[in-house]
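The primary structure of each chain is shown beneath.
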Amino acid sequence: MDQSVAIQETLQREENCIIAVQCDVLLDNTTESRLLGLVESAKESESAIFIYIHRRMAITADDVSLEDIIPISTDFAVVEVSSPEELAAVGADTRVRISYEDYELELRLPFGSHSRLFLSEVNRAWSDVCKSPSSVPKFDWIEKYHKSTKGGKGNIKHSLAPLGSKLTQLNQHRKSEKSLDKKGSFEKEKGSNSDPVKSRAHSNPESQGISSREDRDDLVRSSSHTTSNKAQMLAMPQFGLRDNLIRCELLKNEDLYTYLENFSFFLGTYNVNGQTPKESLHPWLSCTLNPPDIYCVGFQELDLSKEAFFFSDTPKELEWTRAVSKGLHPDAKYALVKLVRLVGIMLLFYVKKEHAEFISDIEAETVGTGIMGRMSPPHSLISQGNKGAVAIRFHFHNSDICVVNSHLAAHIEEYERRNQDYKDICSRLQFRQLDPTQPPLTIMKHDVVLWIGDLNYRISDLDADNVKDLISKKDFESLHSYDQLKRQIDEEAVFVGFVEGEIDFQPTYKYDTGSDMWDTSEKCRVPAWCDRILWKGKNITQQHYQSHMALKTSDHKPVSSLLIIGIKRVNPEAYKKTFEEIVRNIDKMENECIPSVTLSKREFHFKDVKFMQHQAETLSLFNDGQVPCQFEFIQKPNEPTYCKPWLTANPPKGFIAQGGSVDIDLEVFVNRTTAPDLNSGKQEIEDILVLHLERGKDYFISVTGNYLPSCYGSSIHSLCQLREPVQDMPQEVLRELADMSKEENATNTEKPLDIPKELWMMVDHLFRNAIKQEDIFQQPGLRSEFAEIRDCLDTGIPDSLPGSNHSVAEALLLFLDALPEPVVPYSLYQQCLECCSNASQCEKVISMLPQCHQNVFNYLAAFLRELLKNSAHNRLDVNILVTIFASLLLKSPTKQDLAEKRKTQEFFQHFLIHGSA
């Protein structure tokens, strides 16, 4: 997940977070997790490393706290400190030492291309400093961040006075690097108790470190650059167009130099219901006669505590990892290659030691699902906060494999929510490639996809007694016909192209913990096959698919599947012959002609574009030239990006083989940022894209469309002037309303509405229908229902709104989030912060709001107080509502730090506890 977004929210407008990486800081015998951000000041052309404390995966600025800042000056250095054994390990982490003046910090970065990219960007920033040694960096811009650091002025030993020239120290640093002996080892540093370690500059792309996670003593060994991974080598950034062509041709002709060899994959999934391991996992993990080649073991609900949501670590991670390591097949030795966890969802990846050298390009990613596209807030942790997915992708011999472990939405009636969770995971979970110029890899861009987890699909249209009767008869075939997942797959709603083996075991949920008895609690859950294993790809056969009744730790039973997968291996002689033939052909092609493409069309029109409704048109490019070509959409003069913010070309650049074609999706999506100007008519759906061919000509593509104005993204003042639906108003009227000042609105002859009618309709609907709704404002709605709600608000005044209460609630939150000027205008934001602890002063500030804004604020506060009166039913409390609504009603005109966030919550809390005067 890209955590640079959270860091960017802590920065001011002149500074940008180039890239962020999570790491461990090594402190004597302990480690502490930190988030590093490479921050660049565009105004000063200076860079620094910002160090943040973080309590969980950093999603917003609330999740991080600035601890220290390390300027990247001539006094700065970063080197890798790894022993020869560590350098030989693949799949291990990278250990580096950062120094600045007399300050030193030793870090462990996670293995993968993202860490290498971070180090590469740091090296680039340091190189820029060294190119101009006579230019003395001042770093004045850092001073404003010191009040946010943990120690006030930070722990860095410098005064932030203008830094003098440090060329002498820079030369000493360079000399120390040259003093490496032929074996590449430093002599012991003065006062150090450590052994000599091999150090290399971090810019070396082959640098690898070592993982120190407990119980990870079985390390994956490194393979040299053999023919089996030359295709991967060609993807490295230092290779240009020619090598991309070679790589493409090698991949296209891989059948000429590869052959299939079967390997056994053990897949296991277990929802442990927050329990600790109380029994051996041997009956589950060692149920096969012969030891598997690879283990992929997934857990859900590893830890159900709120602390697990807030903090990045849980003791149960280590407990269950140890239990798995002990439960693996005893007839083979295994290496733990990768562990990835998101709250309670964990995935472990083991391989036999003899296969470890053939594993490469390992990446892990996570994605949470929940309201507004994020994991649910901590107050809903047990029911929603642990939903989402973790995934690991890797290159095994010459095949790309992706393993996904997911936990989808619960409850029997929520199968559409589960379908949406699946689609969100597929679209949002992306892996960064070794070549940073290439687009990220999605789950489906792999030769083999293995999907395990608690998918939570239930058995419908049968009561518990009928289900148990079929189970007692072992009539699983009849029972399976009522399975929600089977029905959704048959309807091609989810898991299109995936295969699941025949189910000939009884449902794995729900049992009384510690027994084989079906649920005897008050809810008496209907038995269901919640825990599933599916796969997608060629040359895959299943040897077994079963549950394991012997394990009684949880209210679920673990499930396992043994797959035999044909993996592509390389014949070195055939590879060499194919490689040489490709090189000869490319040499010939390069001398023949320049690239050329044919476009399917050059004009695209998007009809009736709506707020937050995705539209896409396909631009097809056909390579009609004599050589492969590389294309890219480029910026027009004096424009920051290649297209308007509401438009995206996917992919924005790529490669087309000779005689080949590629489809580019031109996607239009209007969000809260772009909607205001489109609503008022100040902007239109209109742009020109410039498609550039490497060593070829440019093509111009026209994109036009018409936008349907919406109450979403319209101001409170404008909406209060409209008695008719927004789409019934002429465009010139909407433009005039947007241009009007507040004073002009006040002098309008027609009395404005007290509050926008659209806001009233949503709140009134919730007041009449959802005042006692459980988890209101916490459970997400459906996107299809939001679209219906938006259309109703924009085109008419219906008696009632469509969709569920949860969808109307989320539509209300999106409405407030999309306001161009928040309910409390930006001009009064600072006063709100200053008086947040004084209730009477808070009410005084609200009395200063423009009348329509004041009406909206008091109306919403009154509604929320009514919700609190029914907290016994809806499970809301003041803290929950303050957390959700304060950030929507009181927004900072710039960046909002954590202290400001808390003050806005304290301000709004007065109106929920005491009410407005």
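All values reported here derive from a predicted model rather than from experimental measurement. (Residues numbered from 1 in each chain as written. Predicted model: local features only at pLDDT ≥ 70, side-chain atom pairs only at ≥ 80, totals over all residues. Heavy atoms only, no water.)

What's the story with the packing of helix α21 (residues 783–795) against helix α22 (residues 805–817) in this structure? I'm lost.
For any two helices packed against each other, one specifies the crossing angle of their axes together with the interaxial distance. In the contact formed by α21 and α22, the axes pass within 9 Å of each other and the chain directions differ by 65 degrees. Crossing of α21 against α22: the hand is right-handed. Along its contact with α21, which presents Glu785, Phe786 and Ile789, the element α22 presents Ser807, Val808, Ala811 and Leu814. (Axes fitted to C-alpha atoms, helices over the stretch in contact; angles between N-to-C directions. Helix = DSSP H or I, 4+ residues; strand = E, 2+ residues; numbered from the N terminus. Left-handed = near helix turned anticlockwise from the far one by under 90°. Contact = heavy atoms within 4.5 Å.)

For this particular structure, what's the right way to read the pairing of strand β18 (residues 448–454)?
Each regular strand shows side chains that alternate between the opposite faces of the sheet. By the criterion of burial, β18 is predominantly enclosed, with 7 of the 7 residues buried. Neither face of β18 is open: one carries Val448, Leu450, Ile452 and Asp454, the other Val449, Trp451 and Gly453, and all of them are buried. The pairing of strand β15 (residues 399–407) with β18 spans 7 bridges and is parallel. Bridging from a neighbouring strand, Ser406 pairs with Gly453 of β18. Examined bridge by bridge, β18 and strand β19 (residues 531–536) share 6 bridges and lie antiparallel to one another. Within β19, the residue paired with Val449 across the bridge is Lys536. (Buried < 20%, exposed > 50% of the residue type's maximum accessible area, 1.4 Å probe, protein only. Pairing = 2+ DSSP bridges.)

Teacher, can you tell me more about the sheet that holds β19 here?
The strands making up a sheet associate through backbone hydrogen bonding, with each pair oriented either parallel or antiparallel. Sheet architecture is open: 5 strands sit in the order β13-β14-β15-β18-β19, paired in mixed fashion. On the outer flanks of this sheet lie β13 (359–368) and β19, each paired with one strand and no other. Each adjacent strand pair in this sheet contributes to an overall mean axis angle of 10 degrees, direction not counted. Examined bridge by bridge, β13 and strand β14 (residues 388–396) share 8 bridges and lie antiparallel to one another. Bridging across to β14, Ser360 finds its partner in His395.

Please clarify how the side chain of Ser41 should be interpreted in this entry.
Mapped onto the elements of the fold, Ser41 is located in strand β2 (residues 30–41). Here Ser41 falls in the buried class, since its relative accessible area comes to 1%. In contact with Ser41, not counting residues within four places along its chain, are Glu14, Glu15, Glu46 and Trp141.

I keep staring at the pairing of strand β6 (residues 94–100) and nothing clicks. Help me out?
Across the 7 residues of β6, 7 count as buried, placing the element largely inside the fold. Side chains of β6 alternate between two faces, with Thr94, Val96, Ile98 and Tyr100 and Arg95, Arg97 and Ser99 buried alike. Relative to β6, strand β5 (residues 76–81) runs antiparallel, the two sharing 5 bridges. Within β6, the position partnered with Val79 by the bridge is Arg97. In this antiparallel pair of consecutive strands, β6 and strand β7 (residues 103–109), the connection spans 2 residues, and Glu101 shows a positive phi of 50 degrees.

Just checking my understanding: could you explain the environment of Phe266 for this structure?
As for its placement among the helices and strands, Phe266 is situated in strand β9 (residues 258–271). Placed 84 residues apart in sequence, Phe266 and Tyr350 show a C-alpha to C-alpha distance of 9.7 Å. Each residue touching Phe266, except ones within four places of it in the same chain, is listed here: Trp284, Leu285, Cys287, Thr288, Pro292, Ile294, Tyr295, Cys296, Ser560, Ser561 and Leu562.

Explanation requested: the state of the cysteines in the structure shown.
Here a disulfide denotes a covalent bond joining the sulfur atom of one cysteine to the sulfur atom of another. Counted by the stated rule, this structure contains 0 disulfides. Left unpaired, Cys836 is separated from the closest cysteine sulfur, that of Cys842, by 6.6 Å. Overall, the relative accessible area of 6% leaves Cys836 in the buried class. (Disulfide = S-S within 2.5 Å.)

Got a minute to help me understand the packing of aromatic side chains in this structure?
Each aromatic ring pair is summarised here by two numbers: the centre-to-centre distance and the angle between the ring planes. Here the structure, examined in full by the defined rule, presents 30 aromatic pairs. Plain terms: the ring middles of Phe505 and Tyr545 are 5.2 Å apart, the flat faces sit at 80 degrees to each other, and that makes the pair edge-to-face. One end of the pair, Phe505, is in the loop between α14 (484–490) and β19; the other, Tyr545, is in strand β20 (residues 540–547), with 40 residues separating them in the sequence. Taking relative accessible area as the criterion, Phe505 reaches 6% and is therefore assigned buried. Judged by centre distance (5.4 Å) and plane angle (80 degrees), the rings of Tyr712 and Phe786 are edge-to-face. Taken together, the residues Tyr712 in the loop between β30 (698–707) and α17 (716–720) and Phe786 in helix α21 connect sequence positions 74 residues apart. The ring of Tyr511 carries Lys557 above its face, with NZ or CZ at 5.0 Å from the centroid. Positioned over the ring face of Phe358 is Arg569, at 5.3 Å from the centre of the ring. (Phe/Tyr/Trp six-rings, centres within 6.5 Å; stacked < 30°, edge-to-face > 60°. Lys NZ or Arg CZ within 6 Å of the ring centre and 35° of its normal.)

Is there a simple way to think about the sheet that holds strand β26 (residues 647–650) in this case?
Ordered in space as β22-β24-β28-β26, the 4 strands form an open sheet in which the pairing is antiparallel. Either end of the sheet is taken by a strand with one partner, and the two such strands are β22 (597–599) and β26. Pairs of neighbouring strands in the sheet enclose a mean axial angle of 25 degrees, with direction left out of account. Sheet analysis places strand β24 (residues 615–623) next to strand β28 (residues 661–668), joined by 8 bridges and oriented antiparallel. Bridging from a neighbouring strand, Ala616 pairs with Glu667 of β28.

I'm lost on the pattern of salt bridges in this one. Help?
Opposite charge on two side chains permits them to pair, given that their charged atoms come into close proximity. Tallied over the entire structure, the rule returns 41 salt bridges. Here Asp400 ties to Arg393 by a salt bridge, and the two come within 3.2 Å at their closest N and O atoms. The exposure class assigned to Arg393 is buried, which follows from its relative accessible area of 2%. Note that Asp817 and Lys891 form a salt bridge whose closest N and O atoms lie 3.3 Å from each other. Of the two residues, Asp817 sits in helix α22 while Lys891 sits in the loop between α27 (878–889) and α28 (898–913), which places them 74 residues apart along the sequence. Several salt bridges share partner residues, and in doing so they unite Arg95, Arg97, Glu104 and Glu106 into one network. (Salt bridge = Lys/Arg side-chain N within 4 Å of Asp/Glu carboxyl O.)

I'm lost on α21 in this one. Help?
In this model, α21 (13 residues) spans 18 Å end to end at C-alpha, consistent with the 18 Å of a helix rising 1.5 Å per residue. The complete set of buried residues in α21 reads Glu785, Phe786, Ala787, Ile789, Arg790, Leu793 and Asp794. Summarising the contacts, the buried residues of α21 are in contact with α20 (757–769) and α22. (Expected span 1.5 Å × (residues − 1).)

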